[in-house]
Amino acid sequence: MDYSTLAMQLFLTGIFLSSLYILVTFGLTMIFGVMEIVNFAHASFAILGGYACLLAVTSLGMDPFVALVPVVAFMALVGWLTFEFFARYTLDVGDAHVVHYYALLLIISNVLALIFGLDYKFVPSGLGYSQIELGPFKYPLLKFLVAIISLATVAGLSLYLKKSVIGKKIRAVSQSKESAEIMGIDSLKIRRITWIIGVSSAGLMGALVGLVNPFSPYAGTTYLIVAFSVAILGGMGSLFGTIVAGFIIGMTESLFSLFLPSQISPVVAFVFIIGVLMVKPEGLFSRA
Amino acid sequence: MLEVKQVSKYFGGVQAVENVSLAVEEGEIVGLIGPNGSGKTTLFNLITRIYPLTAGDIYFKGKLINKMSPSDVCHLGISRTHQIPRPFHSLSVRQNVSLAYLYGRKNPGDRAEANSEAERLLELVGLKDFAQIPASQLNDVQCKVLELARSLATDPKLLLLDEILAGLNPGELTFFQELILKIRSELKITVFWCEHIMRVLMKTVDRVVCLDYGRKVCEGSPSVVANNPEVIECYLGKAAGE
Amino acid sequence: MQAINQGNKKTVIVLGILTLAALALPIVGIPYQEYAMSVLTFAFIYTLLGQSWNLLGGLAKQFSLGHAAFFGLGAFATAACSSLGMPALISLAVGGVAVAVFSLPIGLICFSARGPYFTIITLAIAEILRIVFLWRPELSGSEGILLPPSIFSTRIGIYYLTLGLTAASIFTFRWMARSKQGLALVAIGDDEDACSEIGIKVKYIKSSTLLVSAGMAAVAGGCYGLFTQYLSPNDVFSINYSLEAIFISTIGGIGSAFGPLVGALLVSLLEETLNPLVPGAHLLVLGAILITIMFLLPKGLVTLFKKSDDKQGPRMQIKIKRRQPAA
Ligand SMILES: Nc1ncnc2c1ncn2[C@@H]1O[C@H](COP(=O)(O)OP(=O)(O)OP(=O)(O)O)[C@@H](O)[C@H]1O
Ligand SMILES: [Mg+2]
């Protein structure tokens, strides 16, 4: 393999990883910004999305990419239910809320373990090893599609937050809940919407990951740390920071995959974030 | 005793403190005034080393304290109260003070000594009857007094008071004014005091420093500063100053 | 901190009777004896783990999500010593000390951050260890490792060992909580900056507490290894142990000396009862119980045993709702 092909491979893999990392972090950081909640159960929702997609494909016989639509709808329902019966009651318990979310994490992952067992599963995509030709380069079609879908989702969400009325309200609440309420914004409603968006986007990310990598009920931990790494690096609550940080971490991981065996590639992100926090304890792009 | 030399602190683009130099001599009570957001609290946070400096040097008793940790600065003899009181809510009132005694001094005694010293200080500030209750049950004024007792327990040479009078009624104002004078005369503690309530401040202090937008506007005896056109301007605006 | 009243005779008598009963259990034949011993053994191991978390999390509100790191390292260190031929008890001690020393650089790393950032670093450290142990066959690899049998792989041996260690951990906690350092830890949980301004060396206090905490978790892991005689990274470094450590001290009552014992009994009872029926179900039930308790009894189950005027003690709430200063 010559150098330009190698560089292109690394670049595309970096984009692929980054797109997933940004997608899963988006919800996490939005929920933190708007609800002031550190959602340790976030990655469990991703894994739940993976299993939902698995069911839609294997039991209902849907095409995996078509199945993403009902999966997102299902995750939105899960988001609504978890908000109404859980999250809204954790809004005023202070930092102790982390324990509630540990409990939620434990419940979701172990419900999945009870239903699906501890074995690693993956969603059959039907695309096998087919490659896409990008000029002189080749790249696995599946990964390419996954990256496109998650980048499109991120772009769509960013646009929604920027342009739509609800999006503006969401940003208002995340800047100051009190001021937003004085302006007549129903902050509970905004938080509900934020939570549902967060949960659904996590579920979508999980379904997409499930197409590419095998997953198990406990696999959320890895994505949880990655998501937090991206969120912290980007400055918790900052969407623009999330996108930049997602690319930094995705690209770094892709680069290190040259030197490191694949089992330990997640360690790169972990070490990276530990280093960042040691130097700048509030994150790189933090507002303070 | 305290020398602040060309100190600056920027928060991103905000110049909270800009090239400020001032000195506080032993035995003085020096007032620090300035409109909201002029950098008074930030200056205190720089002196106690809660924030790193952007530029400049701070000396205390001839020692450069720029690079010291907040706890070392405390051991050198600087202690402060907060604009918004920050007592330890999970501890009792007496524990708040005895903890400061145990950790704030170079050679603290044992727990029993700490407790009796705490009782003594609580009596001084008028909180003796509340010694056993949790600090979380105090009201705002009591929290301020508790913070004062806690700072005194570290055996400071220099006490930084941050708007300790805000929100007090006239009776409490007189109590605090007398207390501050007593702290200087009986405990031999130098006081650097940031305050908005001019009526009381100007009557109590030897000297006043005025900040505006992070810069030192003027410095001098209370009567000089009170009549300085620039000071009046920064409080009341241009038209009034002319 | 004041889990039991000093000089409260009734409490002392009840505790004395319970201790005697625990001591007599393996000797006196009763129905379900084996079941009870097994529940209690795991409860004791969990108490050690929960107590270790409690030192930092309960007193100073440093919510570590990485105690599995120390648990797992302790287990593997003990295993390494025993396979070198050291006696089991020595292996356990060496493992505990080694992990305690190892915690010093860890403390340096994770105490540079606060709040959720601290939590994430601890979680990442445990996860890095899991991945590295899985990766390197000389450490363990995915097959895991076996420990040689010892007196502590018998039911009765491990029972008395963990019983003794549990008692020791409770005394250690009480001693720490009532010491000068314990007071400082509670204050650190309230307001770190205010602590450093009254001369407390916050990082030093946290790190020295982590030393004890890590050692305790490592001994818990060591006991686990000695008894089960088999260790795999996916098990001992799993986030489940970190979560259980938190639940055990939170369910029982955060920051109280007997809280972890109460929580650990509950966890172990659930595990031993439900696991044979539906593997993993106990974690699910645990999560549900925890949520219920967090909403209904934020200070944990031990509040049920306290008189109403004795409910002080460090509160879970960290964020102090401050009144805004008048503009
Ligand atoms: N941690 C911080 N991060 C960013 N900006 C800050 C921070 N602390 C203070 N500032 C800014 O620095 C400036 C000075 O603030 P400071 O609190 O020192 O004012 P002050 O003189 O104490 O005002 P007041 O009289 O209202 O207490 C303000 O513009 C404030 O917004
Ligand atoms: Mg101020």
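Placed above this text is the structure.
Here the structure is a predicted model, which means the values were calculated and not measured. (Residues numbered from 1 in each chain as written. Chains lettered and ligands numbered in written order. Predicted model: local features only at pLDDT ≥ 70, side-chain atom pairs only at ≥ 80, totals over all residues. Heavy atoms only, no water.)

Novice: Give me helix α9 (residues 202-228) of chain C: which residues, what numbers.
Specialist: Residue pairs three or four apart in sequence face the same way in an α-helix, which turns once every 3.6 residues. Residue and element names in this part refer to chain C. For α9, spanning 27 residues, the distance from its first C-alpha to its last is 38 Å, which sits close to the expected 39 Å at 1.5 Å a residue. Counting buried positions over the 27 residues of α9 gives 22, a clear majority of the element. Q229 occupies a position one or two residues after α9 and carries a positive phi of about 60°. (Helix = DSSP H or I, 4+ residues; strand = E, 2+ residues; numbered from the N terminus. Expected span 1.5 Å × (residues − 1). Buried < 20%, exposed > 50% of the residue type's maximum accessible area, 1.4 Å probe, protein only.)

Novice: Which residues make up the packing of helix α11 (residues 239-252) of chain C against helix α12 (residues 259-274) of chain C, and what are the values?
Specialist: Residues and elements named next belong to chain C. The interhelical angle for the contact between α11 and α12, taken along N-to-C directions, is 120°, at an axis separation of 6 Å. Relative to α12, the element α11 lies oblique. Two packed elements cross with a definite hand, and for α11 against α12 that hand is right-handed. For the pair α11 and α12, contact is made by E244, I248, S249, I251 and G252 and by G259, P260, V262, G263, A264, L266, V267 and E271, respectively. Its residues placed into classes, the contact of α11 with α12 shows seven nonpolar, four polar and two charged. (Axes fitted to C-alpha atoms, helices over the stretch in contact; angles between N-to-C directions. Parallel < 35°, antiparallel > 145°, perpendicular 65-115°, else oblique. Left-handed = near helix turned anticlockwise from the far one by under 90°. Contact = heavy atoms within 4.5 Å. Nonpolar A, V, L, I, M, F, W, Y, C, P; charged D, E, K, R; others polar.)

Novice: Tell me about the coordination of the magnesium ion (ligand 2), and name the residues and values.
Specialist: Residues and elements named next belong to chain B. Protein coordination of the magnesium ion (ligand 2) is provided by T41 (OG1) and Q83 (OE1), with donor distances spanning 1.9 to 2.1 Å. Remark: Q83 occurs in the loop between β6 (78-80) and α3 (93-104) and T41 occurs in helix α1 (residues 40-47); sequence separation between them is 42 residues. Given a relative accessible area of 26%, T41 falls into the partly exposed group. Of the residues examined, Q83 reaches a relative accessible area of 25% and is grouped as partly exposed. (Donors = N, O, S within 2.8 Å, 3.2 Å for Na, K, Ca; no water.)

Novice: For the site of ligand 1, give the residues involved together with the corresponding values.
Specialist: Residue and element names in this part refer to chain B. With respect to spatial proximity, 14 residues lie near ligand 1, and among them N36, T41, T42, Q83 and H196 are the closest. Here an oxygen atom of ligand 1 sits 2.7 Å away from a polar atom, N or O, in the side chain of N36. In this structure, an oxygen atom belonging to ligand 1 sits 3.2 Å away from a main-chain N or O atom of S38. Within the complex, 67% of the 630 Å² of free accessible area of ligand 1 lies under protein. Those elements that provide at least two residues to the shell around ligand 1 are β2 (14-24) and α1. Across the shell around ligand 1, the residue classes break down as four nonpolar, eight polar and two charged. (Near = heavy atom within 4 Å. Polar contact = N/O pair within 3.5 Å; in protein donor to acceptor, adjacent residues only side chain to side chain. Areas by Shrake-Rupley, 256 points an atom, 1.4 Å probe, with all protein chains shown as cover.)

Novice: Which residues make up the interface of chain C and chain B, and what values do they have?
Specialist: With 28 residues of chain C at the contact, the number on the chain B side is 29 residues. Together chain C and chain B conceal approximately 2,600 Å² of surface at their shared face, both sides included; 61% is due to carbon and sulfur atoms. Three residues, C:L183, C:E197 and C:I198, lead the burial of chain C against chain B; their summed loss comes to 29% of the area buried on that side. Counting across the chain C and chain B interface gives four salt bridges. Residues C:K201 and B:D72 are paired through a salt bridge, measuring 3.3 Å at the closest nitrogen-oxygen approach. Joining chain C to chain B, the criterion identifies 12 residue pairs in polar contact (both at pLDDT 80 or more). Contributing elements (two or more residues each) for the side of chain C that touches chain B: α7 (180-190) and α8 (192-197) of chain C. Taken together, the residues of the side of chain C that touches chain B sort by class into 12 nonpolar, five polar and 11 charged. (Buried area = accessible area lost by both parts, 1.4 Å probe. Salt bridge = Lys/Arg side-chain N within 4 Å of Asp/Glu carboxyl O.)

Novice: Quick one: what's the story with a positive patch on the surface, residue by residue and with numbers?
Specialist: Residue and element names in this part refer to chain A. A cluster of like positive charges, contributed by K162, K163, K168 and R171, occupies part of the molecular surface. Of all elements in the fold, only α5 (141-163) and α6 (165-175) reach the threshold of two or more residues within the positive patch. Along the chain, K162 turns up in helix α5. Taking the relative accessible area as the measure of exposure, K162 reaches 52% and is therefore exposed. (Patch = residues over 30% accessible without salt bridge, like charges linked within 9 Å, V, L, I, M, F, W, Y side chains within 5 Å. Lys, Arg positive; Asp, Glu negative; His and termini not counted. Charge placed at Lys NZ, Arg CZ, Asp CG, Glu CD.)

Novice: Which residues make up the pattern of salt bridges, and what are the values?
Specialist: One pass over the structure, following the stated rule, counts 24 salt bridges over all chains. One salt bridge connects B:E117 with B:R120, and the closest N-O pair in it is separated by 3.1 Å. In this pair, B:E117 and B:R120 both sit in helix α4 (residues 111-125), three residues apart, roughly one turn of the helix. Among the residues examined, B:E117 registers a relative accessible area of 16% and is labelled buried. Since its relative accessible area comes to 44%, B:R120 is described here as partly exposed. A salt bridge links C:D193 to C:R114; the shortest N-O distance between them is 3.1 Å.

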